[in-house]
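Architecture and fold: a report
Below, each chain spelled out in residue letters.
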Number of protein chains: 2
Amino acid sequence: MELPSLFARYRVELEEYLRSAIPQGGPALLYGMMRYHLGWEDEHGRPLAESAGKALRPTLCLWACQAMGADWRTALPAAAALELTHNFSLVHDDIQDSDSERRHRPTVWSVWGQPQAINAGDSLLILARLVMLGLEERGVAPAKVIEACRVLDETCLTMIEGQCLDIGFEDEREVTVDAYLDMIARKTGALLGTSLHLGALVAVDDEPQMKRLARCGHLLGLAFQIRDDILGVWGAADVTGKPVAADIRRRKKSLPLVYAMAVAQAEEHEQLLRVYSQGAPGDEDVSTVLQLLDGHRAYDYCQQMAQERVEQALAELATVDIEPTARRDFEAVAKFLLEREF
Amino acid sequence: MELPSLFARYRVELEEYLRSAIPQGGPALLYGMMRYHLGWEDEHGRPLAESAGKALRPTLCLWACQAMGADWRTALPAAAALELTHNFSLVHDDIQDSDSERRHRPTVWSVWGQPQAINAGDSLLILARLVMLGLEERGVAPAKVIEACRVLDETCLTMIEGQCLDIGFEDEREVTVDAYLDMIARKTGALLGTSLHLGALVAVDDEPQMKRLARCGHLLGLAFQIRDDILGVWGAADVTGKPVAADIRRRKKSLPLVYAMAVAQAEEHEQLLRVYSQGAPGDEDVSTVLQLLDGHRAYDYCQQMAQERVEQALAELATVDIEPTARRDFEAVAKFLLEREF
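Report follows, based on the coordinates.

Cut-offs used in this document
Residues numbered from 1 in each chain as written. Chains lettered and ligands numbered in written order. Predicted model: local features only at pLDDT ≥ 70, side-chain atom pairs only at ≥ 80, totals over all residues. Heavy atoms only, no water. Salt bridge = Lys/Arg side-chain N within 4 Å of Asp/Glu carboxyl O. Buried < 20%, exposed > 50% of the residue type's maximum accessible area, 1.4 Å probe, protein only. Least-squares fit on C-alpha atoms with pLDDT ≥ 70 in both. Phe/Tyr/Trp six-rings, centres within 6.5 Å; stacked < 30°, edge-to-face > 60°. Helix = DSSP H or I, 4+ residues; strand = E, 2+ residues; numbered from the N terminus. Lys NZ or Arg CZ within 6 Å of the ring centre and 35° of its normal. Contact = heavy atoms within 4.5 Å. Buried area = accessible area lost by both parts, 1.4 Å probe. Polar contact = N/O pair within 3.5 Å; in protein donor to acceptor, adjacent residues only side chain to side chain. Core = buried A, V, L, I, M, F, W, Y, C linked by side-chain atoms within 4.5 Å. Expected span 1.5 Å × (residues − 1). Axes fitted to C-alpha atoms, helices over the stretch in contact; angles between N-to-C directions. Parallel < 35°, antiparallel > 145°, perpendicular 65-115°, else oblique. Left-handed = near helix turned anticlockwise from the far one by under 90°. Nonpolar A, V, L, I, M, F, W, Y, C, P; charged D, E, K, R; others polar. Lys, Arg positive; Asp, Glu negative; His and termini not counted.

**A closer look at the pattern of salt bridges**
Applying the stated criterion across every chain, the model contains 60 salt bridges over all chains. The closest approach of N and O atoms between A:R102 and A:D93, which form a salt bridge, is 3.9 Å. Residue class for A:R102 comes out partly exposed when judged on its relative accessible area of 22%. Among the residues examined, A:D93 registers a relative accessible area of 12% and is labelled buried. Salt-bridge contacts for B:E41 lead to B:R35; the nearest nitrogen and oxygen are separated by 2.7 Å. Looking at B:R35, the relative accessible area reads 24%, which means it is partly exposed.

Laid out in structure tokens, this is it:
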């Protein structure tokens, strides 16, 4: 399935803006790691034809700004800040999870080692803040720039809380569906909500509209994450760029497993606990878990959860006064996020 | 030797401000790691009597604000942001250097593991940004708040550049004194310069005065770092909280070694290259290096370098119009930084 056309609308200017934000000078290694991670260069600094990533967050931010009736270019600094913040979290997440591949390429830490990869993530995070301040040069009032910084920083802190909870799950025998939903609300929902919030903040002064769009993005973020969890178990390796049943092999307590743990009876429950409380599971363990998930129709359960959140997001959007074309763009993105295979 | 009285002047209110900045709620672990690292709690969350750290950067920031004739309390958000930024860098630095102790206590990563320690550092960095925005509530004009954010963010990026260069030195056979000085200018000089800059920025609109104070702090920062390098080789373990000759054992290319490499002749040079190009040096290697450093009077060379930078800082300060009492406070801090044993 193809990326909805909205993703193409801002792409060129967004990437130009992002590229111009990377400092010239300074240690070549630091900014080389950034450009590598963003998919613009290989590890030797040679340019790559195609950049990585869907740029979902900046796209939603610019869409919200445009949907609220303003020139979307005004929101470019916020959009770039969102993309850099998201990429900071990926670079550190790859270290934390010891993931050696992302988007079919070696992760930053697996090329340059953990210490330098920590620096790469830190500098992406700081650069996001600096880029946000560029709103001032685009004519956004200083008080509003500060508000945008506050919203992004609070969200970023929430996101790290989610990451902290997610890593903490590894040491817990069992995780409830509620605890899981709280975790992804912080880890993924918050930044997607803020993506729409910031686009609207730049465009209008209407606080209730901003809040509604933020909720809309938040719900979409939950659906996005749940679909991600589905792909982490059932995704095709050649499309996702991750190994088959990657999340089972890594013993991630993602939604399919959390759900199965909740509904499994005695013996099956023991089986799951056994696989998830020991070292890396072998192929046999993986297929046992897969069979068990299928027996409980965990795929359908998760997809239904994602679907419901998209429906709630669309219901929320119905209360926001935007043009039909803008609404259709959002619907196409929502549909894509539910059905995507990568 | 005792801490100059300036360090006591702002201490209570600064710590109160910092404590109130840590979010309530959220995962207990995340904010527990923060409070642990800041020296307020032990690893079980029990309060500690005495907090760690000299709080050099916030003290210099508040001093600059006061020296420029304003109420230093106005600059508390900036001072707190500086302290949090510094502590972010320590938490990540300890991971990057695999240091298991700091200030006589286990480091965050050695208590909670690397993945969670990365989160602890990330959240300190973000919290620093959020805290800075508190300037607005203290009556600082929005445009000036944005300027303060920009100055801190740019400095923080420079600091990460320094960290990147420092770690990169590990893979280089030899490092020149110039390359070393460039590295510490970024890693340590920048944030100390910004400490004075931000204090002055909050207080006055006089750009040249701010710049002069920033240079003053920058030079003091170089002296501070060079003294740190001295203590890393010759410091008393019970005072510094680090092992004897810690920087030799870790094969850090700090100033004493960089200098010795530059002046050592043939055989000695080979000896140094040998020790610094293999695994962890044994006690014999450490004493060989120590003898070699002493033979070249590396201690005196480094101390002289630090001394010169303090003199330059005081000369710079002589061009800034401040009260004699404020000048004496700064001089006492400068003298302390040159002579400190911890």
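**So, the relation of the copies chain B and chain A**
With an axial shift of 0.0 Å and an RMSD of 0.0 Å, the rotation relating chain B to chain A amounts to 180 degrees. The transformation relating the two chain copies, once decomposed into turn and shift, fits a two-fold axis. No C-alpha of chain B approaches the rotation axis more nearly than that of B:P142, which lies at 2.8 Å.

**Brief notes about the packing of aromatic side chains**
Under the definition given, this model contains 14 aromatic pairs over all chains. Look at B:Y259 and B:Y301: their rings are 3.7 Å apart centre to centre, the planes differ by 10 degrees, and that puts the pair in the stacked class. Of this pair, B:Y259 sits in helix α13 (residues 255-263) while B:Y301 sits in helix α16 (residues 298-317); the two residues are 42 residues apart in sequence, bridging distant segments of the chain. Relative accessible area serves as the criterion here: at 23%, B:Y301 is assigned to the partly exposed category. Here the aromatic residues A:F7, A:F336 and A:F342 are joined through ring pairs into a cluster of three or more. A cation over a ring is seen here: A:R19 above A:W40, with NZ or CZ 4.5 Å from the ring centre.

**What to know about the environment of B:L290**
Topologically, B:L290 is positioned in helix α15 (residues 283-295). In sequence terms B:L290 and B:K242 are 48 residues apart; their C-alpha atoms lie 17 Å from each other.

**With respect to the interface of chain B and chain A**
Each partner contributes to the interface: chain B provides 43 residues, whereas chain A provides 43 residues. In total, about 3700 Å² of surface goes out of reach between chain B and chain A, with carbon and sulfur atoms giving 72% of it. Contact with chain A buries surface across chain B, with B:I126, B:I146 and B:L157 losing the most and accounting together for 16% of the total. For the pair chain B and chain A, the number of links is 4 salt bridges. When the shortest N-O distance is used, the salt bridge between A:R150 and B:E137 registers 3.7 Å. In this structure, the connection of chain B to chain A is made through 12 residue pairs in polar contact (both at pLDDT 80 or more). Within the residue set of the side of chain B that touches chain A, elements represented by two or more residues are α3 (28-37), α5 (76-96), α7 (114-132) and α8 (142-169) of chain B. For the side of chain B that touches chain A, the leading source of residues is α8(B), giving 17 residues.

**Considerations on the nonpolar core**
Core analysis: the biggest nonpolar cluster contains 213 residues, and A:W63 and B:W63 have the highest contact counts within it. Aside from chain neighbours lying at most four places away, what touches A:W63 is A:L6, A:Y10, A:L196, A:L213, A:L317, A:I322, A:A326, A:D329 and A:F330.

**Considering α5(B)**
Every α-helix carries 3.6 residues per turn, so stepping three or four residues along brings you back to the same face. In this model, α5(B) (21 residues) spans 30 Å end to end at C-alpha, consistent with the 30 Å of a helix rising 1.5 Å per residue. Counting buried residues in α5(B) gives 21 out of 21 residues, a clear majority hidden from the surface.

**Let's talk about the packing of helix α7 (residues 114-132) of chain A against helix α8 (residues 142-169) of chain A**
For any two helices packed against each other, one specifies the crossing angle of their axes together with the interaxial distance. Residues and elements named next belong to chain A. Contact geometry of α7 with α8 gives a least axis separation of 10 Å together with a crossing angle of 160 degrees. Taken together, α7 and α8 sit at an angle that is classed as roughly antiparallel. Seen from above, α7 lies across α8 with right-handed handedness. Residues L125, R129 and M132 of α7 pack against V145, A148, C149, L152, D153 and C156 of α8. For the contact of α7 with α8, a count of residues per class yields 7 nonpolar, no polar and 2 charged.

**Points about the side chain of A:H92**
Topologically, A:H92 is positioned in helix α5 (residues 76-96). Not counting the four nearest positions on each side in its chain, A:H92 is found in contact with A:A117, A:I118, A:G121, A:D122, B:H92, B:I118 and B:D122.

**Some remarks on α8(A)**
Between its first and last C-alpha atoms α8(A) spans 41 Å; for 28 residues at 1.5 Å apiece the expected length is 40 Å, and the two agree. Buried residues dominate α8(A), accounting for 22 of its 28 residues.

**Regarding unusual backbone geometry**
Peptide bonds are trans in most cases, and residues, glycine excluded, mostly fall at negative phi. All names here are of chain B. One non-glycine residue with positive phi stands out, namely S98, at about 55 degrees. When you line up the elements, S98 lands in the loop between α5 and β1 (101-102). Backbone geometry at R297 places phi at a positive 50 degrees, although glycine is not the residue there. Within the fold, R297 resides in the loop between α15 and α16.

**Comments concerning the environment of B:G134**
Residue and element names in this part refer to chain B. Within the element layout of this structure, G134 appears in the loop between α7 and α8. Here the alpha-carbon distance between G134 and A81, two residues 53 residues apart in the chain, equals 9.7 Å. Residue contacts for G134: discarding those within four places in its chain leaves Y17 and P77.

**Focus: the packing of α13(B) against α16(B)**
All names here are of chain B. Where α13 meets α16, the closest approach of the two axes is 9 Å, and the angle between their N-to-C directions is 115 degrees. At the point where α13 passes α16, the crossing takes the right-handed sense. Contacts between α13 and α16 pair L255, P256 and Y259 from the former with A298, Y301, C302 and M305 from the latter.

**Section: the side chain of B:K253**
Residues and elements named next belong to chain B. The residue K253 is located in the loop between α12 (246-249) and α13 in this model. Despite its burial, K253 pairs with no opposite charge; the closest candidate is D171, at 7.2 Å N-O. At 3.4 Å, the side chain of K253 forms a polar contact with the backbone oxygen of E170. Polar contacts involving the side chain of K253 include one to the main-chain carbonyl oxygen of E172, which spans 2.7 Å. Excluding its chain neighbours within four sequence positions, the residues that come into contact with K253 are F169, E170, E172, R173, V175, Y180 and V258.

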